[in-house]
Amino acid sequence: MLLPAAAAAAATSAASRLLPLSPSRRISSLKVPWKRDPVLDAAISRDRRYRQASRLVREVLLSPGRRLLYRYLSKRRERVKLPVRVPTFLRRYPTLLSVSPPPSPVASPSPQLLAFLDFASRLYERHAPLLASRLAKLLMISSTRALPVTKIAAAKRDFGLPDDFLASLVPRYPELFRLVGDPGPDASGNAFLELVAWDDRLAKSVIELKADREADVVGIRPRPNFTVKMPRGFYLKKEMREWVRDWLELPYVSPYADAFNLDPASPEAEKRTIGVLHEVLSLTVERRMAVPIVGKFCEEYRLPNAFVNAFTRHPGIFYVSLKGGIKTAVLREAYDEKGELVDRDPMLELKERFVAVMEEGHKKYLEDLNRMREALQKEREVAGCEGLKVAVETEDQLEEEEEHSGASEEDDDTVHKHSRRQ
């Protein structure tokens, strides 16, 4: 452990080693190759079916009276990015929605989904203080202590906020939040959510809180710094290794600190940028977020236009996955070697309960397929040649349906070539 004087000397030494490089050379010209991480990619791929189902269900839940004509829902396949037709998807997951009989079938929440929604309401209520503090921290990182409602709404599920957070959460904490403008019924209006009062207790990052906890244990507070967890088999060139070593020795810059006086091309500004990105990902439920969603906060969080390169410049802190046709920034230290979250966020229970509803219906669907297969097998045993031909054709159709069901569970994302090397 370094004493304060020794720590200052080490930081000065590190800064002096970084100074010989020009500003552009210090940051943007340092190249780090992108390397695929199959474990973290698999963690994202596992959620593919969940994301598709949640988007489909949301179409119904956001409709008047939570009812939507089935013919309208069936036309929204591309909108919700389903790999199969809507009727096929619902046949595989029958516990998500109920569909009334013809002539004008209507989709509405199933009894299982209604039970899930009741559970979700209780979970949001139980963790309202946590969600309020999380939302306040997002506002405190902003240089204006405010954020457009449209941007918060775009990221609300990443942070575990309820869909109606403006009505169910914000009014409960007038000492923290003030809504300015009219957000409209779908939070798409010109409105801002402002921080009413600064709270020093919330103005501590995950990294600073970790240092505080270690101080409680050993009696000496370590210097806050990033955890670097290089992926297996990853190699950095000597120049980059030395730069990262010296950069890590610089003082930690809190994402809640005033950054107006920092030179945008300085190593200290890079430290602040990484601190903001680290904190934002730490506030998400699954410690990851789609890069385009992160980019929505560039102006308020004073992130550089090329902030995406900051993720790839620090492969020991972040990982950028290309799964699902979109870049997803992952906080590497948050996952273990099996791709499981090290620390579970309380709001993760919401996703697990929804997946349980999906699996309940999919299990029933597979059982029905097996019963039909057994019935066909018996029919083949007693059928004549003509009947056998019909039975075989019918069984082939069943096998094709079952094969498509299994294949659709696998990740069929296009393999992207990462030709750009940061």
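Predicted model only: the values in this text are computed from it and were never measured.

What counts, and at which threshold
- Residues numbered from 1 in each chain as written.
- Predicted model: local features only at pLDDT ≥ 70, side-chain atom pairs only at ≥ 80, totals over all residues.
- Heavy atoms only, no water.
- Buried < 20%, exposed > 50% of the residue type's maximum accessible area, 1.4 Å probe, protein only.
- Helix = DSSP H or I, 4+ residues; strand = E, 2+ residues; numbered from the N terminus.
- Pairing = 2+ DSSP bridges.
- pLDDT = per-residue confidence, 0-100.
- Contact = heavy atoms within 4.5 Å.
- Salt bridge = Lys/Arg side-chain N within 4 Å of Asp/Glu carboxyl O.
- Axes fitted to C-alpha atoms, helices over the stretch in contact; angles between N-to-C directions.
- Phe/Tyr/Trp six-rings, centres within 6.5 Å; stacked < 30°, edge-to-face > 60°.
- Lys NZ or Arg CZ within 6 Å of the ring centre and 35° of its normal.

(A) Highlighting the pairing of strand 8 (residues 318–321). Residues of strand 8 alternate between two faces, with Phe318 and Val320 on one and Tyr319 and Ser321 on the opposite face, all of them buried. Pairing between strand 8 and strand 9 (residues 328–331): 4 bridges, direction antiparallel. Note that in strand 9 the partner of Ser321 across the bridge is Thr328.

(B) Structural view of the confidence of the model for the protein. Per-residue confidence for the protein averages 85 on the pLDDT scale, and 84% of its residues sit at or above 70. Within the protein, the element-level pLDDT minimum falls on helix 2 (residues 23–26), averaging 44, and the maximum on helix 9 (residues 128–141), averaging 98. When the criterion is pLDDT under 50, residues 1–25 qualifies, and its contacts beyond four places in sequence or with other chains add up to 30 contacts. Low pLDDT, under 50, characterises residues 405–422; the stretch is placed with 34 contacts to residues that sit more than four places away or in other chains.

(C) Here's a closer look at the pattern of salt bridges. Enumeration over the complete set of coordinates arrives at 26 salt bridges. Here Asp47 ties to Lys351 by a salt bridge, and the two come within 2.6 Å at their closest N and O atoms. A residue pair is termed long-range when its members are at least 10 positions apart, and Asp47 in the loop between helix 3 (38–45) and helix 4 (48–61) and Lys351 in helix 18 (residues 348–382) qualify at 304 residues. Look at Lys351 and you get buried, because its relative accessible area is 14%. A salt bridge links Asp345 to Arg134, with the nearest nitrogen and oxygen atoms 2.6 Å apart. With Asp345 in the loop between strand 9 and helix 18 and Arg134 in helix 9, this residue pair connects regions lying 211 residues apart in the sequence. Here the two residues Asp345 and Arg134 agree in accessibility, since each one is buried. Three or more residues are tied together by salt bridges with common partners; here these are Asp47, Glu286, Arg288 and Lys351.

(D) Examining the sheet that holds strand 2 (residues 97–99) more closely. Strand order in the open sheet formed by 3 strands is 1-3-2, with antiparallel pairing between adjacent strands. Edge positions in the sheet fall to strand 1 (68–69) and strand 2, since each of these pairs with one other strand and no more. Contacting strand 1, strand 2 and strand 3 (106–109), helix 4 runs over the sheet at an angle of about 105° to strand 3.

(E) Broad picture of the sheet that holds strand 7 (residues 288–290). The 3 strands lie next to each other as 7-9-8, forming an open sheet whose pairing is antiparallel. Among the strands making up the open sheet, the edge pair consists of strand 7 and strand 8. Strand-to-strand twist of the sheet, defined as the mean angle between neighbouring strand axes without regard to direction, takes the value 20°. Here strand 7 pairs with strand 9 via 3 bridges, running antiparallel.

(F) Representation of the packing of aromatic side chains. Tallied over the full model, the rule gives 10 aromatic pairs. Residues Trp34 and Tyr319 carry aromatic rings whose centres are separated by 6.4 Å and whose planes lie at 20° to one another, so their mutual orientation is stacked. Separated by 285 residues along the polypeptide, Trp34 in the loop between helix 2 and helix 3 and Tyr319 in strand 8 bring together distant segments of the chain. Of the two residues, Trp34 and Tyr319, both sit in the buried class. Joined through ring pairs, the aromatic side chains of Phe226, Trp243, Trp247 and Tyr252 make up one cluster. Of note, Lys351 hangs over the ring of Tyr50, and the distance from its end group to the ring centre comes to 5.7 Å.

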